[in-house]
Amino acid sequence: MYDYDLLVVGSANADLVIGVERRPAAGETVLGSDLAVHPGGKGANQAVAAARLGARTALLARVGDDGHGRLLLDSQRASGVDTAGVLVGGAPTGVALITVDPSGDNSIVVSPGANARLTPDDVRAAGGPLGASRVVSAQLEIPLETVVEVVRNLPDGTRFVLNPSPPRALPGEVLAACDPLIVNEHEARVVAGDAGLGDTPEEWAAALLALGPRSVVVTLGAAGAVVADGTGAPVRVPSVKVDAVDTTGAGDAFTAALAWRLGAGEALADAAAYAARVGAAAVTRAGAQASFPTAEEVAAV
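Below, the structure is looked at part by part. (Residues numbered from 1 in each chain as written. Predicted model: local features only at pLDDT ≥ 70, side-chain atom pairs only at ≥ 80, totals over all residues. Heavy atoms only, no water.)

## Thoughts on the side chain of S291
Next, step 1: With respect to the helices and strands, S291 occurs in the loop between α10 (268-282) and α11 (295-299).
Next, step 2: Reaching out from S291, the side chain makes a polar contact with the backbone oxygen of A282 at a distance of 3.2 Å.
Next, step 3: The contact partners of S291, leaving out residues within four places of it in the chain, are T248, A281, A282, R285 and A286. (Helix = DSSP H or I, 4+ residues; strand = E, 2+ residues; numbered from the N terminus. Polar contact = N/O pair within 3.5 Å; in protein donor to acceptor, adjacent residues only side chain to side chain. Contact = heavy atoms within 4.5 Å.)

Pasting the structure below:
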């Protein structure tokens, strides 16, 4: 019935990465490593992560007609992603400026570029992949109105997964479609707004669920995740202990793995446990897409 296990609608960026001993304070200059350029962007990352795991994956995105755009398309195709939905032109390819400290933590500034030109019209024109995908995943590095259009065009039976990053308040129709809404603590607080979250991750998940999503996943980094779907109390999913090298893209790998396993019929907690292993494997290597594991590598974690 479905041509694709996962359709990712989202951003594609060139990641410009510099290692630093510490991130600069306001007005301060620090020296860093040589510049490294990697294919990235939350949408492109999720598509590659899912394809590496064995999911039949397609990407709807926009890149510039430039070297960074060609880098991104080459990376997608090499990973087995169907790029027929990747549009070219309209603006330079998006760029993410990333600093990574010795602990593996990162800070990121994104110039959206062509990502900001992915429009609702592009979604309406992508009826083929949208109607042939078991799960559709999106993020907020593309215009919110484009995500709204995805929700409005979801076929019956297609599951919608949203990681609202960078976070902002969400319309009710988007929240109601999320199954799940995937957030970290910062994203949870922005999405909740004046509603408040409570003191514990379990309370955060319950508060977010009350806003309308069909299910919620709160990611907690090294502390694992909390999942809630309204059928009982929120459930804590433990993390996998590894030596982190670079956390860039780990959340994207988690989201892609979760979306794929949910589409395969796994329960939310089981899918999140698998996704936690995928995220753990990803942080043991540098870079975003280059760090994403295969299914065999995840089994060895």
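## What about the sheet that holds strand β10 (residues 178-183)?
Next, step 1: In spatial order, the strands read β5-β4-β1-β8-β9-β10-β11-β12-β13; together these nine strands make up an open sheet with mixed pairing. Strands at the two margins of the open sheet, each flanked by one partner only, are β5 (86-88) and β13 (235-237). Taken over all neighbouring pairs, the strand axes of this sheet differ in orientation by 20° on average, direction set aside.
Next, step 2: Relative to β5, strand β4 (residues 57-63) runs parallel, the two sharing three bridges. Each residue of the ladder has a partner; that of V63, found in β5, is V88.
Next, step 3: Of the strands in this sheet, β4 and β5 are in contact with helix α2 (residues 67-79), which crosses β4 at around 180°. (Pairing = 2+ DSSP bridges. Axes fitted to C-alpha atoms, helices over the stretch in contact; angles between N-to-C directions.)

## Let's talk about the layout of surface pockets
Next, step 1: Considered as a void within the structure, the largest pocket measures approximately 1,200 Å³ in volume.
Next, step 2: Lining of the largest pocket is provided by 47 residues; of these, T247, G249, A250, G251 and D252 occupy positions nearest its centre.
Next, step 3: If you list the elements that add at least two residues to the lining of the largest pocket, you get β2 (13-19), α1 (42-53), β6 (94-100), β7 (106-111), β10, α7 (185-192), α9 (250-263) and α10.
Next, step 4: A class-by-class count of the residues in the lining of the largest pocket yields 20 nonpolar, 19 polar and eight charged. (1 Å grid on protein atoms, 1.4 Å probe; cavity = no way out; pocket = protein on both sides within 12 Å on 5 of 7 lines; lining within 4 Å. Points joined across faces, edges and corners; volume = space filled by probe spheres on them. Nonpolar A, V, L, I, M, F, W, Y, C, P; charged D, E, K, R; others polar.)

## A few points about the packing of aromatic side chains
Next, step 1: If you walk through the whole model with that rule in mind, you get one aromatic pair.
Next, step 2: Both rings, one in W260 and one in Y274, keep their centres 6.3 Å apart while their planes meet at 65°; by these two values the pair is edge-to-face. Of this pair, W260 sits in helix α9 while Y274 sits in helix α10, and the two are 14 residues apart along the sequence. Considered together, W260 and Y274 belong to a single accessibility category, that of buried residues.
Next, step 3: Just above the ring of W260 sits the side chain of R261; from NZ or CZ to the centre is 4.5 Å.
Next, step 4: Directly above the ring of Y274 sits R261, whose terminal nitrogen or CZ lies 5.8 Å from the centroid. (Phe/Tyr/Trp six-rings, centres within 6.5 Å; stacked < 30°, edge-to-face > 60°. Buried < 20%, exposed > 50% of the residue type's maximum accessible area, 1.4 Å probe, protein only. Lys NZ or Arg CZ within 6 Å of the ring centre and 35° of its normal.)

## Section: the environment of G43
Next, step 1: Turning to its location among the elements, G43 is positioned in helix α1.
Next, step 2: Along the chain, G43 and A12 lie 31 residues apart, while their C-alpha atoms are 5.9 Å from each other.
Next, step 3: Apart from residues no more than four positions distant in its own chain, G43 is found in contact with V8, G10, S11, L59 and Q139.

## Brief notes about the pairing of strand β9 (residues 159-163)
Next, step 1: Taken across its five residues, β9 has four buried, putting it largely inside the fold.
Next, step 2: Handedness of the β-α-β unit built from strand β8 (residues 133-139), helix α5 (residues 144-152) and β9 comes out right-handed.
Next, step 3: Bridge analysis of β9 against β10 gives two bridges, and the strand direction is parallel. Its bridge partner being in β10, F160 is matched across the sheet by C178.
Next, step 4: On the question of chirality, the crossover connecting β9 to the parallel β10 by way of helix α6 (residues 172-177) is right-handed. (Right-handed = clockwise from strand over helix to strand, strands pointing away.)

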